[in-house]
Amino acid sequence: MLYAVICKDKPGALQTRLDTRAAHLAYIEATGIVKMAGPFLEAGQMCGSLVILDCESLDAAQAWAAGDPYAAAGLFESVSVTEWKKVIG
């Protein structure tokens, strides 16, 4: 089942994102359930994340989001995890 993890960064937190990016990317690679991901942009600057997970349950998707190094670093102002259906692409 697919889940969308939608995260908005705290204002002024770009440096936290940059400092934690390598650990975040390593987590994505190690967990093996990310189907696609990328940052949201405002005026060309990263300000949030969209991550599509393929896992067995909402609980598993929420656990993945909670374990993200970005979350541990306190980067996010908000995080939403919801079931998602791919239609095009």
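Please refer to the structure higher up on the page.
Criteria and cut-off values
- Residues numbered from 1 in each chain as written.
- Predicted model: local features only at pLDDT ≥ 70, side-chain atom pairs only at ≥ 80, totals over all residues.
- Heavy atoms only, no water.
- Pairing = 2+ DSSP bridges.
- Helix = DSSP H or I, 4+ residues; strand = E, 2+ residues; numbered from the N terminus.
- Axes fitted to C-alpha atoms, helices over the stretch in contact; angles between N-to-C directions.
- Contact = heavy atoms within 4.5 Å.
- Salt bridge = Lys/Arg side-chain N within 4 Å of Asp/Glu carboxyl O.
- Buried < 20%, exposed > 50% of the residue type's maximum accessible area, 1.4 Å probe, protein only.

### A word on the sheet that holds strand 4 (residues 76-83)
Stage number 1. Reading across the sheet, the four strands line up as 2-3-1-4 and stay open at both edges, with antiparallel pairing between neighbours. Where the open sheet ends on each side, the last strands, each with one partner, are strand 2 (34-42) and strand 4. Neighbouring strand axes in the sheet, compared pairwise and without regard to direction, differ in orientation by 15° on average.
Stage number 2. Bridging between strand 2 and strand 3 (residues 45-54) involves eight bridges; their strand directions are antiparallel. Directly across from M36, in strand 3, lies its bridge partner I52.
Stage number 3. Across the face of the sheet, helix 1 (residues 14-31) comes into contact with strand 1 (2-9), strand 2, strand 3 and strand 4 while running at roughly 20° to strand 3.
Stage number 4. The strands touched by helix 2 (residues 58-67) within the sheet are strand 1, strand 2, strand 3 and strand 4, with strand 4 carrying the most contacts at an inclination of about 155°.

### Notes on the pattern of salt bridges
Stage number 1. In total, this model carries one salt bridge according to the counting rule given.
Stage number 2. Across the pair R17 and D9 runs a salt bridge whose closest N-O atoms are separated by 2.8 Å. Here R17 matches D9 in class, with each residue buried.

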